[in-house]
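Each chain, letter by letter, is given below.
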Protein chains: 2
Amino acid sequence: MVHLTHLECPRCGEKLDPTELQNLCPCGAPLLVRYDMEAMKKDVTRADLETGRTDMWRYQKMLPVPTEDIICLGEGMTPVIEAPVLGKDLGVGQFLIKDEGTNPTGTFKARGASAGVSMAKHLGADSVAMPTAGNAGGAWAAYAARAGMDCFIAMPEDAPELTMKECDLFGAKTYLVRGLISDAGAIIKRAVERYGWFDVSTLKEPYRIEGKKTMGLELIGQTGWEMPDAILYPAGGGVGLIGIWKAFEELEALGFIGSERPKMIAVQAEGCAPLVRAFEAGERDSEFWQGAETMAAGIRVPKALGDFLVMDAIYESGGRAVAVSDAEIMEELYKTARMEGMFICPEGAATVAALRKLVADGYLGADDRVMTINTGSGLKYSYVVDIDLPVLDIDDDIEL
Amino acid sequence: MVHLTHLECPRCGEKLDPTELQNLCPCGAPLLVRYDMEAMKKDVTRADLETGRTDMWRYQKMLPVPTEDIICLGEGMTPVIEAPVLGKDLGVGQFLIKDEGTNPTGTFKARGASAGVSMAKHLGADSVAMPTAGNAGGAWAAYAARAGMDCFIAMPEDAPELTMKECDLFGAKTYLVRGLISDAGAIIKRAVERYGWFDVSTLKEPYRIEGKKTMGLELIGQTGWEMPDAILYPAGGGVGLIGIWKAFEELEALGFIGSERPKMIAVQAEGCAPLVRAFEAGERDSEFWQGAETMAAGIRVPKALGDFLVMDAIYESGGRAVAVSDAEIMEELYKTARMEGMFICPEGAATVAALRKLVADGYLGADDRVMTINTGSGLKYSYVVDIDLPVLDIDDDIEL
């Protein structure tokens, strides 16, 4: 049932053995998981994709994990919510929000953690280690706990306190760092060399992408097998966008879709927009963004290891990379809550702000069916919301 | 497709018209929704219950809402997670956790709000009003926003700040009250009389139960149509337990299950245990609990309007009502996180603590397949977790 054949470097073409724990290609690029697509094609039916489990493991035949090693907390099969009021306000034909906030641990990071921890366990790792800006740490700590593995996490001391609590609660050895996520990464790198832990930093192991890929598998089935005209994605490390793109390639190889693709749109913050700068220069590789700053912590990534894979998807699909301001993010976060009843995360709100710009540019409009990925629940970001509510005594009445 | 026939009082038998907005029966009891079970039986197939939508509206044929009035944010179809490590630690044969934390707004309240707001809209209401301890307010505010309805909420000023933020963010007119939820309820009652809003306080409208009923419909399908031996439920208002019990009755009437039932176990806190006191006295009605106090806010309900319905289910199933301490709750909250990677809510943790007592009593044990309902995500209760983490400078190394 598992059709995994090898790991492949998308930069230099090197092939690596998937029966051992692997990190990066010797050339320094992240590795992609490859399958026997002919065998998969014989094995996977339409019914496999449309019925059965109501989590991401419905797609197990397109994933690398044997049944007995699946570490599952109910991740995936998140809803695609039509947002008619907001869509009209934005000026697009149809606006769909895939709401990843209903995952365990409240974000899309659960998908990558489920696939990554499952494979780490399958391949015999007894510990995982990573730096995190917050949400990935919470997710990997949860799945590691469930797998009975040790987990070591380093995070900036200004990361959201809620995610620190998650890591500690799940029993991960959690260290705060007086510095940036890159500094936390350096500490983890030294510790991994010293203690022999398995390094599961973003894209430093190949299976997180496979978990994220399930977003792409789901969204096509959920939209009646009709590709949206555009997909907006808040790109920090960009793993989700890479995964969705990979899903489309594999679905085409299996004959479930044709060669059509949505415009893939990477959304970043004005205070940290290395992919946008690369796009504007027509480059495949991005440059490290100095002084990265935005309240949307998930897209505060100065240089992504998989930047060239994100750029490939953008260029091949006729997509774009767009930057928005923190003020625009907050405005759309409120609008989405009031118009549609959804408390989306700042990264998700960034994609709404980007869409408004793309409609103003005439790039998208009333003829377009547009989907955005809300990568997490706003409940994990409640610190961005301020309140000042009236207080009543028990004998007071509500006066309008 | 909608088989709704009437509303019925389970206390006095009165029948009421479901084509109008209704609150309580004139006798003061909550109303139950009744259907044409013969017509439903002809209409509902096994496939309807096992395939299709991956939210609670899969069960639309057993619900009162016409398709065009469904207000949906992807609620329901929450995972049933097996917890083998914790189950062994507890000493039961199999331990299953139905995790309601993956609902929109992070709790099971989304189900009741989806059904309730949908029907309020269907019947022409343009506003809803309620007192809340927190989570119900967040959920109803979200669904009201999505339905384009006004929402008025009163909550104690010591309710969790996160839920206040939710209500305000979703555009509900939100009032804090220097008092208890009962004081907030009195303020809403006066305002409802004055302004003509539709009162959607717990069990004061009939449709919230129908939303909660879907938990019962789901859990049977998710466990291969084999009833668990016992279901533990944290009972504040008890609506979920009433709903699950109603699901079983209707599934039996449709011929999908027999007359077997799990032992229904209501779990409360030692500081607020009116149902436990009623159970110990063999009574059907509970008495108002003076000085209610527990950190599990969702079960800090001194007197439930539907207490007699909860007690009926307990007695008919050979179940129990059990009280646990706040210290026991916190202990199980940590154990569940570390053993299974799940950040459950204090109310959910209360059921784990209760199960430990019931095993110690010999009431449940190694032969039993036990399910508990985790009513919400721990992410909404992060204030119960304290952390004290080591801080590193960027040149420091992790020392074990």
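Note that the structure is predicted; figures quoted are calculated from it, not measured. For every chain, the first residue of its written sequence is number 1, and the numbers climb from 1 along that sequence. As a convention, the first chain written is A and the first ligand written is 1, with the rest following in written order. Where local features are concerned, this predicted model is filtered to residues with pLDDT of at least 70; where side-chain atom pairs are given and counted, the filter is 80 or more; whole-chain, interface and lining totals use all residues. Heavy atoms from the whole structure form the basis of all side-chain values; hydrogens and water molecules are not counted.

Engineer: Would you take a moment to explain the pattern of salt bridges for this structure?
Structural biologist: Pairs may arise between side chains of opposite charge once their charged atoms sit close together. Take a side-chain nitrogen of Lys or Arg and a carboxyl oxygen of Asp or Glu: if they are within 4 Å of each other, that pair is a salt bridge. In total, this model carries 55 salt bridges over all chains according to the counting rule given. We note a salt bridge from Lys246 of chain B to Glu250 of chain B, for which the minimum N-O separation is 2.7 Å. Linking Lys246 of chain B with Glu250 of chain B, this pair stays in helix 9 (residues 239-253), spanning four residues, or about one helical turn. Of the two residues, Lys246 of chain B and Glu250 of chain B, both sit in the buried class. The partner of Glu328 of chain B in a salt bridge is Lys357 of chain B, and the shortest N-O contact between them spans 3.3 Å. Note that Glu328 of chain B is positioned in helix 12 (residues 326-340) and Lys357 of chain B in helix 13 (residues 346-360), a separation of 29 residues in sequence. Taken together, the shared-partner salt bridges in this structure form one network comprising Asp89, Glu332, Lys335 and Arg356 of chain A. Note on conventions: DSSP H or I runs of at least 4 residues are helices, E runs of at least 2 residues are strands, and numbering of each starts at the N terminus. Exposure classes here rest on a 1.4 Å probe applied to the protein chains alone. A residue is buried below 20% of its type maximum, exposed above 50%, and partly exposed in between.

Engineer: Whenever I open this one, the nonpolar core confuses me. Can you help?
Structural biologist: Considering soluble globular proteins, one finds that nonpolar side chains tend to be buried as a cluster. We call a set of buried residues a nonpolar core when its members are Ala, Val, Leu, Ile, Met, Phe, Trp, Tyr or Cys and they connect through side-chain atoms within 4.5 Å of each other. Counting residues in each nonpolar core, the largest one holds 73 residues, and the members touching the most others are Phe95, Ile265, Leu355 and Leu364 of chain B. Considering every element that reaches this core, the biggest residue donor is helix 5 (residues 135-147) of chain A, with nine residues. For this analysis, residues touch if any pair of their heavy atoms sits within 4.5 Å. Look past the residues within four positions of Leu355 of chain B in its chain and what remains in contact with it is Leu90, Val92, Phe95, Leu232, Leu364 and Val370 of chain B. Grouped together as the second largest cluster of nonpolar side chains are 71 residues, Val267 and Tyr363 of chain A together with Ala139 and Ala142 of chain B included.

Engineer: Sorry, what's going on with the interface of chain B and chain A here?
Structural biologist: Taken residue by residue, the interface counts 73 residues in chain B and 73 residues in chain A. Between chain B and chain A, the buried area comes to about 6400 Å², and carbon and sulfur atoms account for 62% of it. For chain B, the biggest contributors to the area lost against chain A are Leu169, Leu379 and Ile398 of chain B; these three give 12% of the whole. Across the contact surface, chain B and chain A share eight salt bridges. One salt bridge in this structure joins Arg178 of chain A and Asp393 of chain B, with 2.9 Å as the shortest N-O distance. The term polar contact refers here to a pair of N or O atoms within 3.5 Å; inside protein, the definition further demands a hydrogen-donor-capable atom paired with an acceptor-capable atom, and it admits residues adjacent in sequence only when both atoms are side-chain atoms. Counting across the interface, chain B meets chain A through 32 residue pairs in polar contact (both at pLDDT 80 or more). For the side of chain B that touches chain A, the secondary structure elements donating two or more residues are strand 4 (80-82), helix 5 (135-147), helix 6 (161-169), strand 8 (173-177), helix 7 (181-195), helix 12 and strand 14 (391-392) of chain B. Tallied by class, the residues present in the side of chain B that touches chain A amount to 40 nonpolar, twelve polar and 21 charged. Summed over both partners, the accessible surface that disappears when two parts come together, traced with a 1.4 Å probe, is what is meant by buried area. Put simply, Ala, Val, Leu, Ile, Met, Phe, Trp, Tyr, Cys and Pro go in the nonpolar bin, Asp, Glu, Lys and Arg in the charged bin, and everything else, Gly too, in the polar bin.

Engineer: Whenever I open this one, the packing of aromatic side chains confuses me. Can you help?
Structural biologist: Aromatic ring pairs are described here by two measures, namely the spacing of the ring centres and the angle between the planes. When two rings of Phe, Tyr or Trp (its six-membered ring) have centres within 6.5 Å they constitute a pair, described as stacked for plane angles under 30 degrees, edge-to-face for angles over 60, and tilted for the intermediate range. Taken as a whole and judged by the stated rule, the model has twelve aromatic pairs over all chains. Summarising the aromatic geometry, the rings of Phe108 of chain A and Tyr233 of chain A are spaced 6.4 Å apart at their centres and angled 65° between planes, so their arrangement reads as edge-to-face. Remark: Tyr233 of chain A occurs in strand 10 (residues 230-234) and Phe108 of chain A occurs in the loop between strand 5 (94-99) and helix 4 (109-122); sequence separation between them is 125 residues. With relative accessibility at 9%, the residue Phe108 of chain A sits in the buried group. Among the residues examined, Tyr233 of chain A registers a relative accessible area of 2% and is labelled buried. Seen in terms of ring centroids, Tyr195 of chain B and Trp197 of chain B are 5.0 Å apart; in terms of plane orientation they differ by 20°. Their pairing is stacked. Taken together, the ring pairs connect Phe152, Tyr195 and Trp197 of chain A into an aromatic cluster. Distance and angle both matter: a charge sits over a ring if NZ of Lys or CZ of Arg is within 6 Å of the ring centre and within 35 degrees of the ring normal. Of note, Arg261 of chain B hangs over the ring of Trp245 of chain B, and the distance from its end group to the ring centre comes to 5.8 Å.

Engineer: Teacher, can you tell me more about the packing of helix 9 of chain B against helix 11 (residues 307-317) of chain B here?
Structural biologist: What describes two packed helices is the angle between their axes and the distance between those same axes. All names here are of chain B. Contact geometry for helix 9 and helix 11: axes closest at 9 Å, N-to-C directions at 50°. As the angle between them shows, helix 9 and helix 11 are arranged oblique. Regarding helix 9 and helix 11, the two cross each other, and that crossing is left-handed. Touching Leu241, Ile242 and Trp245 of helix 9 are Leu309, Val310, Ala313, Glu316 and Ser317, all from helix 11. Classifying every residue of the contact of helix 9 with helix 11 gives six nonpolar, one polar and one charged. Working convention: axes come from line fits to C-alpha atoms, limited for helices to the stretch in contact. Angles between N-to-C directions cover 0 to 180 degrees. Orientation categories follow fixed angle ranges, with anything under 35 degrees roughly parallel, anything over 145 roughly antiparallel, 65 to 115 roughly perpendicular, and all other angles oblique. We call a crossing left-handed when the near helix sits turned anticlockwise from the far one by less than a right angle, and right-handed when that turn is clockwise.

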